[in-house]
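Summary of structural features
The lines below spell out each chain.
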Amino acid sequence: MRFTLLTTLVGLAVGAFAQSSSADAYVASESPIAKAGLLANIGPNGSKSSGAKAGVVIASPSNSNPDYLYTWTRDSSLVFKAIIDQFVAGEDDSLRTLIDDFTAAQAIIQQVSNPSGSVSTGGLGEPKFNIDETAFTGAWGRPQRDGPPLRATAIINYANWLLDNSNTTYVTQTLWPVIKLDLDYVAGNWNQSTFDLWEEVNSASFFTTAVQHRALREGSAFASRIGQNSVVAGYNSQADNLLCFLQSYWNPTGNYVTANTGGGRSGKDANTVLTSIHTFDPAAGCDAVTFQPCSDKALANLKVYVDAFRSIYNVNSGIAANAAVATGRYPEDSYQGGNPWYLTTLAPAEQLYDALIVWDKLGGLNVTATSLAFFQQFSSSVKAGTYAAGSDTYTTLTSAIKNFADGFLAVNAKFTPSDGALAEQFARSGGAPVSAADLTWSYAATLTAFAARAGKTPVGWGASGLTVPSTCSSGGNGGGGGGGAGTVAVTFKVQATTIFGENIFITGSVDALANWSPDNAIALSAANYPIWSVTVNLPADTTVEYKYIRKNNGQITWESDPNNSINTPASGSIDRSDTWR
């Protein structure tokens, strides 16, 4: 028996060494390539950003199948958050000019009227723009309400550094107006439906809610710091409401976070793991209220998410049930063939590296009934309890988890081409790079995962010590994706077969349905094709008329008469199922 145990431990050690060596080699070779790839996609001087204005991030130089030669507020903000983190940590002083270009570009883009509206009528929710800072006017999943909070977070981080270095005037006169526009938009619109970060489901989204909450927390603290006290109470009030709403995504039966309130899918989604790493606050410990990386809920969720991909990709065949695998956006995905993504495969690794940092800082880890299944992957005999650093159990668990995290880097290393270029995805069978080449977000995600592995942490944002209010309010102007004061959540579903490039939209007789405007009609998700669906907050106790329309290459086709009609209830939610006619 002792020989068997020794053999097992030796086998684990050999496997861990191999995994760690592969990760070490990948970090060494890919780090400079990832940074160069990221910078190449930023205008005006990036080698692959021709036509982009100064400080504008192109999502990818790919301009066909898919065409990503645009600038997304979400992607740009995440990319520059990574750049700003490096700068404020003193790692690369040369980035400052680029950061100033970014903030100036965002000030311009905020003011560009677009299909979502003007700067004062909803235009801040527009997801993407042309790289010359003009509006993109084609059909798209809009609004997407994660861009403004992510942009505010990135710029606040830079602004705080500037304040620390005696540049108050630039902060208050130039940066604060940009930050305030975004924070005011979040405070006033957080409870309205939004397309998720994958631009497919229009409902309420865990990632969006979490980054909105973060932005208002750090926005309140920043406003206080520069004497803008009139906004503080309002930001704090809506932050409390957001924190309350954030708890509703937890699925206690499935032991995971449901990514979206709509969409008709399982809810197992990289959205949720990305949330933990992009709202990581090193000072918050393993707080479950904000789903910190080492919290029991975040760890339980990570296991469910990763396990959802073990059997659906051929590249994962033959891999042990407790080892790292390639992961994608969500298991039901069919976009570009439904493949693993480089950035989503990195996300579990970064979450676990963050967790290891905090456990070491705390001097121990806690296993709860919620997280037990996660920890039992690495030690089948472990029980719920607290394990101090230095104990055998702590050492066994953290060593295995470090190896597990390194395994995700090893997966990406295996499917990264010899030149180190990172596309959006790699094929589920064979692992060849597919979809958009040189995806800027892939490079940024690589850099942040490597930084976490090296023990580097971002600046905190005030997550420590937060508690969920005893009384929750829908706040703002509406209903948190599920109906609010005076509104009800209506899920429209229509059965419609379409041709390639054709999409289904809805418009109708109320503001929430764009007042019969085909240009501003709301896109439906094809996640459950041929059933198209979307959830919209409509006025309660009201008769609403509506029609579905088809859009294809600028051509619009309306449903036949008469108008559809629905009588909304006084409260709650309702589903409406139709067939295209």
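Keep in mind that what you see is a predicted model, and the values were worked out from it rather than measured.

The subject of this paragraph is the overall build of the protein. From N to C terminus, the protein includes 13 helices and 19 strands. Its C-alpha atoms give the protein a radius of gyration of 23 Å, near enough to 25 Å, the size a compact globule of 581 residues would have. Seen through its C-alpha atoms, the protein measures out along the principal axes to roughly 80 × 55 × 50 Å. Looking at the protein as a whole, 56% of its 581 residues qualify as buried. Partitioning the contacts of the protein with sequence separation of at least 6, the portion at a separation of at least 24 is 67%. Approximately 21600 Å² of the protein is accessible, and the part contributed by carbon and sulfur atoms is 52%. A gap of 4 Å separates the mean positions of the 34 positive and 46 negative side-chain charges of the protein.

Moving on: the side chain of S205. Of note, S205 is situated in the loop between β4 (202–203) and α6 (206–225). Setting aside residues no more than four positions away along its own chain, S205 makes contact with T194, D196, Y249, A259, N260 and N271.

Right, let's talk about the packing of helix α8 (residues 270–278) against helix α10 (residues 342–362) for a bit. Running from N to C, α8 and α10 cross one another at 40°; their axes reach a closest spacing of 9 Å. Comparing their axes, α10 and α8 come out oblique. The element α8 and its partner α10 pack so that their crossing is left-handed. For the pair α8 and α10, the contacting residues are A270, V273, L274, S276 and I277 in the first and L343, T344, A347, P348, E350, Q351 and D354 in the second.

Here we come to the packing of aromatic side chains. Scanning the model with the defined rule gives 30 aromatic pairs in all. For the ring pair F206 and Y249, a centre distance of 5.4 Å and an interplane angle of 65° mean the geometry is edge-to-face. Placement of the pair is F206 in helix α6 and Y249 in the loop between α7 (232–246) and β5 (250–251), with a sequence separation of 43 residues. Like F206, the residue Y249 is buried in the burial classification. Pairwise contacts between aromatic rings join W359, F374, F375, F378, F404 and F408 into one cluster. In this structure, R265 is placed above the aromatic ring of Y330, and the distance from its NZ or CZ to the ring centre is 3.5 Å. Here the guanidinium or amino end of R550 rests over the ring plane of W580, the centre of that ring lying 4.3 Å away.

A few words now on the side chain of D406. Checked against the element boundaries, D406 lands in helix α12 (residues 392–414). Given a relative accessible area of 1%, D406 falls into the buried group. At 2.8 Å, the side chain of D406 forms a polar contact with the side chain of R453.

What follows deals with the sheet that holds strand β14 (residues 525–528). Pairing is mixed in the open sheet, where 4 strands are placed in the order β14-β15-β11-β19. Both outer strands of the open sheet, β14 and β19 (573–579), are each paired with one neighbouring strand and no more. On average, adjacent strands in this sheet sit at an angle of 35° to one another, irrespective of strand direction. Sheet topology places strand β11 (residues 487–495) next to strand β15 (residues 531–539); 9 bridges connect them, and they run antiparallel. Looking at the pairing, F492 lines up with V534 of β15.

Under the counting rule described, the total for this entry stands at 1 disulfide. With a sulfur-sulfur separation of 2.1 Å, C286 is cross-linked through a disulfide to C294. Since a negative S-S torsion denotes a left-handed disulfide, the C286-C294 link at about -105° is left-handed. With relative accessibility at 4%, the residue C294 sits in the buried group.

This part takes up the nonpolar core. Buried together is how nonpolar side chains tend to be arranged in soluble globular proteins. Judged by nonpolar contacts, the single largest core of 126 residues is most densely connected at L274, W359 and F375. Setting aside residues no more than four positions away along its own chain, W359 makes contact with C286, C294, L299, G364, L365, F375, Y394, T398 and I401. If you look at the next biggest cluster of nonpolar residues, it comprises 21 residues, including F492, I504, V544 and Y546.

Between α6 and α7, the least distance of the axes is 9 Å, while the angle of their chain directions is 155°. Taken together, α6 and α7 sit at an angle that is classed as roughly antiparallel. Our pair here, α6 against α7, has a crossing hand that is left-handed. On α7, the residues touching F206, T209, A210, Q212, H213, L216, R217, G219, S220, A223 and S224 of α6 are V232, Y235, N236, Q238, A239, D240, L242, L243, F245 and L246. Of the residues assigned to the contact of α6 with α7, the class counts are 11 nonpolar, 8 polar and 2 charged.

In this model, helix α13 (residues 440–453) (14 residues) spans 20 Å end to end at C-alpha, consistent with the 20 Å of a helix rising 1.5 Å per residue. Burial analysis of α13 places 12 of its 14 residues in the buried class, which makes it a mostly covered element. All buried positions along α13 are accounted for by T440, W441, S442, Y443, A444, A445, T446, L447, A449, F450, A452 and R453. G455 sits one or two positions beyond α13 and adopts a positive phi of about 85°.

Cut-offs applied
Residues numbered from 1 in each chain as written. Predicted model: local features only at pLDDT ≥ 70, side-chain atom pairs only at ≥ 80, totals over all residues. Heavy atoms only, no water. Helix = DSSP H or I, 4+ residues; strand = E, 2+ residues; numbered from the N terminus. Rg over C-alpha atoms; globule rule 2.2 N^0.38 Å. Buried < 20%, exposed > 50% of the residue type's maximum accessible area, 1.4 Å probe, protein only. Contact = heavy atoms within 4.5 Å. Areas by Shrake-Rupley, 256 points an atom, 1.4 Å probe, with all protein chains shown as cover. Lys, Arg positive; Asp, Glu negative; His and termini not counted. Charge placed at Lys NZ, Arg CZ, Asp CG, Glu CD. Axes fitted to C-alpha atoms, helices over the stretch in contact; angles between N-to-C directions. Parallel < 35°, antiparallel > 145°, perpendicular 65-115°, else oblique. Left-handed = near helix turned anticlockwise from the far one by under 90°. Phe/Tyr/Trp six-rings, centres within 6.5 Å; stacked < 30°, edge-to-face > 60°. Lys NZ or Arg CZ within 6 Å of the ring centre and 35° of its normal. Polar contact = N/O pair within 3.5 Å; in protein donor to acceptor, adjacent residues only side chain to side chain. Pairing = 2+ DSSP bridges. Disulfide = S-S within 2.5 Å. Core = buried A, V, L, I, M, F, W, Y, C linked by side-chain atoms within 4.5 Å. Nonpolar A, V, L, I, M, F, W, Y, C, P; charged D, E, K, R; others polar. Expected span 1.5 Å × (residues − 1).

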